[in-house]
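# Working through the structure, step by step
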Amino acid sequence: MITIHRLEACVFDLDGVIVDTAKYHYQAWKDLANSLGFDFSEAQNELLKGVSRMGSLDLILQWGGVEKSKKEKEALAAWKNEHYLELIESLGIQDALPGVVDFLKELSKHGIKIGLGSASKNAVKIISKLKLNSHFDAIVDGTQVTNGKPHPETFQLACEKLKVAPKNTIVFEDAPKGVQAALSGGMVAVGVGSEESLSEAHLVIAGFESLYLEHLINKLPTLELTASTSN
Ligand code: BG6
Ligand code: MG
């Protein structure tokens, strides 16, 4: 027995889904690690995606075998963030990932609500830099949650704000931890990136270029665009 749900909302992760900022997070953390005398790999960086600033710092220090006091960690996290903000200084709509803005417009045309569910405390700033504010009906960022991804709180709060049921919501995520958060929140998880790292998602797409809502829905057997039916 398959229950078919009507799609009510789409909730987007920010870094690596809406905008190409993941490379700048990596660069800023790498420069911080190098200043402490060690390095970490691209594969290790994958584990930082979707992880809060402090959570990321803890992992990096662990990889470098470096111990720091709480105060020192706060200073390091602040340094990283300042450096990151310098790197994204000239960020603009040209940095939106290909096709994503057209996809947001298509969702609005169909009356689908749009939310942002990001671990980043810089999310509002970045959305403003891209001038995408008007596309979002609700924004949840790293300043509003107690439990980071893979805990579902970020996406649950987004659904609450949008007044939609999680099961009628698609979450778009580029991080395995984000996909896990969507799944444990009872949402439909669409991975954005490689099948290999996001295999837990209901569906993986390479990106938003030439992505049409109807084609997407056709690939998600529990969702449909209009009627809400149970059988
Ligand atoms: C996530 C990124 O979106 O936000 C992580 O994937 C980042 O890499 C996290 O650490 C927190 O971001 P910020 O901007 O608050 O340091
Ligand atoms: Mg991301």
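Calculation criteria
Residues numbered from 1 in each chain as written. Chains lettered and ligands numbered in written order. Predicted model: local features only at pLDDT ≥ 70, side-chain atom pairs only at ≥ 80, totals over all residues. Heavy atoms only, no water. Phe/Tyr/Trp six-rings, centres within 6.5 Å; stacked < 30°, edge-to-face > 60°. Helix = DSSP H or I, 4+ residues; strand = E, 2+ residues; numbered from the N terminus. Buried < 20%, exposed > 50% of the residue type's maximum accessible area, 1.4 Å probe, protein only. Lys NZ or Arg CZ within 6 Å of the ring centre and 35° of its normal. Donors = N, O, S within 2.8 Å, 3.2 Å for Na, K, Ca; no water. Pairing = 2+ DSSP bridges. Right-handed = clockwise from strand over helix to strand, strands pointing away. Near = heavy atom within 4 Å. Polar contact = N/O pair within 3.5 Å; in protein donor to acceptor, adjacent residues only side chain to side chain. Areas by Shrake-Rupley, 256 points an atom, 1.4 Å probe, with all protein chains shown as cover. Domains from an automatic or database assignment. Contact = heavy atoms within 4.5 Å. Buried area = accessible area lost by both parts, 1.4 Å probe. Salt bridge = Lys/Arg side-chain N within 4 Å of Asp/Glu carboxyl O. Axes fitted to C-alpha atoms, helices over the stretch in contact; angles between N-to-C directions. Parallel < 35°, antiparallel > 145°, perpendicular 65-115°, else oblique. Nonpolar A, V, L, I, M, F, W, Y, C, P; charged D, E, K, R; others polar. Expected span 1.5 Å × (residues − 1). Arc of directions from axis to C-beta.

### Considerations on the packing of aromatic side chains
Within this structure, the stated rule accounts for 8 aromatic pairs. Both rings, one in phenylalanine 12 and one in phenylalanine 208, keep their centres 6.0 Å apart while their planes meet at 45°; by these two values the pair is tilted. Of this pair, phenylalanine 12 sits in strand β2 (residues 9-12) while phenylalanine 208 sits in the loop between β7 (203-205) and α9 (213-218), and the two are 196 residues apart along the sequence. The pair formed by phenylalanine 12 and phenylalanine 208 is uniform in burial state, with each residue classed as buried. What links up through ring pairs into an aromatic cluster is the set Phe12, Phe103, Phe172 and Phe208. Residue placement shows lysine 80 over the ring face of tyrosine 84; its charged tip is 4.7 Å from the ring centre.

### Observations concerning the coordination of the magnesium ion (ligand 2)
Distances from the magnesium ion (ligand 2) to its protein donors, namely Asp13 (OD), Asp15 (O) and Asp174 (OD), fall within the range 2.0 to 2.2 Å. Between the donor residues of the magnesium ion (ligand 2), the gaps in sequence give the motif D-x1-D-x158-D. One end of the pair, aspartate 13, is in the loop between β2 and α1 (22-35); the other, aspartate 174, is in the loop between β5 (169-173) and α8 (176-184), and 161 residues separate them in sequence. Note on accessibility: aspartate 13 and aspartate 174 belong to one class, buried.

### Digging into the pairing of strand β3 (residues 113-117)
Burial of β3 is extensive: 4 of the 5 residues sit out of reach of the surface. In the sheet, β3 pairs with strand β4 (residues 138-140) via 3 bridges, with the strands oriented parallel. In the strand pairing of β4, leucine 116 is matched with isoleucine 139. Crossover connection from β3 via helix α6 (residues 123-129) to parallel β4: handedness right-handed.

### Here we look at the site of ligand 1
The full set close to ligand 1 counts 14 residues, and Asp15, Val51, Ser120, Lys121 and Asn122 are the nearest of them. Here an oxygen atom of ligand 1 and a side-chain polar atom of aspartate 15 are 2.7 Å apart. A distance of 2.8 Å is found between an oxygen atom of ligand 1 and a backbone nitrogen or oxygen belonging to valine 51. Here ligand 1 loses 96% of its free accessible area of 390 Å² to cover by the protein chains.

### Overview of the domain arrangement of the protein chain
What the domain assignment reports for the protein chain is domain 1 (9-20 + 92-219) and domain 2 (22-87). Computed from C-alpha atoms alone, the centre-to-centre distance between domain 1 and domain 2 is 24 Å. Each side of the interface is counted separately: domain 1 has 11 residues, and domain 2 has 12 residues. Summed over both sides, the interface between domain 1 and domain 2 buries roughly 1,100 Å², with carbon and sulfur atoms accounting for 46% of that surface. In this assembly, domain 1 and domain 2 are joined by 1 salt bridge. Here aspartate 20 and lysine 23 are joined by a salt bridge, their closest N and O atoms 3.0 Å apart. Taken together, domain 1 and domain 2 are joined by 4 residue pairs in polar contact (both at pLDDT 80 or more).

### With respect to the packing of helix α3 (residues 53-64) against helix α4 (residues 70-87)
The geometry of α3 relative to α4 is characterised by a closest axis approach of 10 Å and an angle of 110° between their N-to-C directions. Of the possible angle classes, the one that applies to α3 and α4 is roughly perpendicular. Each of Arg53, Met54, Leu57, Asp58 and Leu61 in α3 lies in contact with α4, whose residues at this interface are Lys73, Glu74, Leu76, Ala77 and Asn81. Partitioned by chemical class, the residues of the contact of α3 with α4 number 5 nonpolar, 1 polar and 4 charged.

### Here we look at α3
Helix length check: α3 (12 residues) gives 17 Å between terminal C-alpha atoms against 16 Å at 1.5 Å per residue, within 8%. Of the positions making up α3, those classed as buried are Ser56, Leu57, Ile60 and Leu61. Buried residues along α3 cover an arc of 130° about the axis, so they all sit on one side. Where α3 is buried, its residues touch α1 and α4. Positive phi shows up at glycine 65, right after α3, with a value of about 65°.

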